[in-house]
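Observations on the model geometry
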Amino acid sequence: MFFDLSTFDTKSISMKFFIDTANLSHIQEAADLGILDGVTTNPSLMAKEGVKGKDNILKHYEAICQIVDGDVSAEVLSTDMDSMIAEGKELAAIHTNIVVKVPMIKDGVKAIKWFSDNGIRTNCTLVFSAGQAILAAKAGAAYVSPFIGRIDDSSWDGIELIGQIAHIYSVQGFSTEILAASIRNPLHIVRSAEAGAHVCTCPLDSILGLLKHPLTDIGLAKFLEDAKKM
Ligand code: G3P
């Protein structure tokens, strides 16, 4: 493990919970829990909800922003800098909470720099290495999204990367927030928190999975049974 917590100002971290979905009822359910700080989406998640066509996509982001009072990542679909900027401007105009999600490619880095210079916040996505995270931070991304589940899928350690980026950002004083993405289970959330992630974006199942412990259920059943004797 690469956790050198001695370099952390731990008081400054209070991990935020984002939900990683474009499903409005999942977003509402997580918001109703009272612990939701934001939302991330991507083209695959939007397609899964059957959102098609530019107007519907923009309306869907608007609907998400009505449910959650927090940052909502909306991803650009272009891959050249000028088109990404045009698209990002349009997305950012939907709501002040929109964060433009930009892929970690050469034109993406240039676009992130442009957005940062022009007051538009970005989330640099598809990050799989510390080098990419350094570039995103240098370009001025508000968030960097390491995909920890997909790293684990490649038999590397996604959490190790979170720890490494947290260490580098802390040592170097980068203000970019680490957004642990591609979360697959509750343990990923716990270990992301441990490794110094500022944000964890999770499917609803993983968030609800944090609730589960058999001893809680057994203990509650016993309390309720004994309460009848009171
Ligand atoms: O936040 C990124 C996420 O949506 C990707 O998750 O499970 O497709 O790797 P996954």
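Quick summary incoming for the structure in this document. The structure displayed is predicted, hence computed values, not measured ones.

Here is what the cut-offs are and how they apply
- Residues numbered from 1 in each chain as written.
- Predicted model: local features only at pLDDT ≥ 70, side-chain atom pairs only at ≥ 80, totals over all residues.
- Heavy atoms only, no water.
- Near = heavy atom within 4 Å.
- Polar contact = N/O pair within 3.5 Å; in protein donor to acceptor, adjacent residues only side chain to side chain.
- Areas by Shrake-Rupley, 256 points an atom, 1.4 Å probe, with all protein chains shown as cover.
- Nonpolar A, V, L, I, M, F, W, Y, C, P; charged D, E, K, R; others polar.
- Pairing = 2+ DSSP bridges.
- Helix = DSSP H or I, 4+ residues; strand = E, 2+ residues; numbered from the N terminus.
- Axes fitted to C-alpha atoms, helices over the stretch in contact; angles between N-to-C directions.
- Contact = heavy atoms within 4.5 Å.
- Salt bridge = Lys/Arg side-chain N within 4 Å of Asp/Glu carboxyl O.
- Buried < 20%, exposed > 50% of the residue type's maximum accessible area, 1.4 Å probe, protein only.
- Parallel < 35°, antiparallel > 145°, perpendicular 65-115°, else oblique.
- Left-handed = near helix turned anticlockwise from the far one by under 90°.
- Phe/Tyr/Trp six-rings, centres within 6.5 Å; stacked < 30°, edge-to-face > 60°.
- Patch = residues over 30% accessible without salt bridge, like charges linked within 9 Å, V, L, I, M, F, W, Y side chains within 5 Å.

Neighbouring residues of the ligand: D20, N42, L45, F147, R150, A181, S182 and R184. Contacts to the ligand include R150, whose side-chain N or O atom sits 2.6 Å from an oxygen atom. Measuring from an oxygen atom of the ligand, one finds a side-chain N or O atom of S182 at 2.7 Å. Protein chains bury 81% of the 310 Å² of accessible surface belonging to the ligand in isolation. When grouped by side-chain class, the residues that make up the shell around the ligand number three nonpolar, two polar and three charged.

Read around the barrel, eight strands follow the order 1-2-3-4-5-6-7-8 and close on themselves; strand pairing throughout is parallel. In this sheet, adjacent strand axes meet at a mean angle of 30° when their direction is disregarded. Both strand 7 (residues 177-180) and strand 8 (residues 199-202) contribute to a ladder of two bridges, which runs parallel. Bridge pairing links L179 to V199 in strand 8. Helix 3 (residues 54-67) rests against strand 2 (38-40), strand 3 (71-75) and strand 4 (98-103) of the sheet, and its axis sits at about 165° to strand 3. Helix 8 (residues 158-172) rests against strand 6 (143-146) and strand 7 of the sheet, and its axis sits at about 175° to strand 7.

Notably, S155 is not glycine yet its phi reads approximately 60°, a positive angle. The phi torsion at S182 lies on the positive side, around 60°, for a residue other than glycine. As for its position among the elements, S182 is in the loop between strand 7 and helix 9 (186-195).

Within the structure shown, the criterion is met by nine salt bridges. Linking K16 and E177 is a salt bridge whose minimum nitrogen-to-oxygen distance equals 3.0 Å. Of the two residues, K16 sits in strand 1 (residues 16-20) while E177 sits in strand 7, which places them 161 residues apart along the sequence. Taking the relative accessible area as the measure of exposure, K16 reaches 23% and is therefore partly exposed. Between K110 and D107 there is a salt bridge, with its nearest N and O atoms 4.0 Å apart. Separated by three residues within a single helix, K110 and D107 lie in helix 5 (residues 106-117), roughly one turn from each other. By relative accessible area, which is 42% here, K110 ends up partly exposed. Connected through shared salt-bridge partners, K222, D226 and K229 make up one network.

Right, let's talk about the packing of helix 1 (residues 24-33) against helix 3 for a bit. In a packed pair of helices, the relevant descriptors are the angle between the two axes and the axis-to-axis distance. At a minimum axis distance of 10 Å, the contact between helix 1 and helix 3 shows a crossing angle of 15°. Our classification of the angle between helix 1 and helix 3 gives roughly parallel. Considering only the axes of helix 1 and helix 3, their crossing is right-handed. In contact with L24, I27, Q28 and A31 of helix 1, helix 3 contributes H60, A63, I64 and I67. Classifying every residue of the contact of helix 1 with helix 3 gives six nonpolar, two polar and no charged.

Tracing the chain through its elements places D71 in strand 3. Within the local environment of D71, its side chain forms a polar contact with the side chain of Y143, the two groups lying 2.6 Å apart. Among residues more than four places away in sequence, those in contact with D71 are F18, D37, G38, V39, N97, V99, R121 and Y143.

All right, on to the packing of aromatic side chains then. Inspection of every chain in the model, using the stated rule, returns four aromatic pairs. Seen in terms of ring centroids, Y169 and F174 are 5.5 Å apart; in terms of plane orientation they differ by 75°. Their pairing is edge-to-face. Looking at Y169, the relative accessible area reads 3%, which means it is buried.

Now for a nonpolar patch on the surface. Among the surface-exposed residues, L187, V190 and L210 lie close enough to one another that they form a single nonpolar patch of about 260 Å² accessible area. In this fold, L210 is placed in the loop between helix 10 (204-209) and helix 11 (214-227). Exposure remark for L210: the relative accessible area of 36% places this residue in the partly exposed category.

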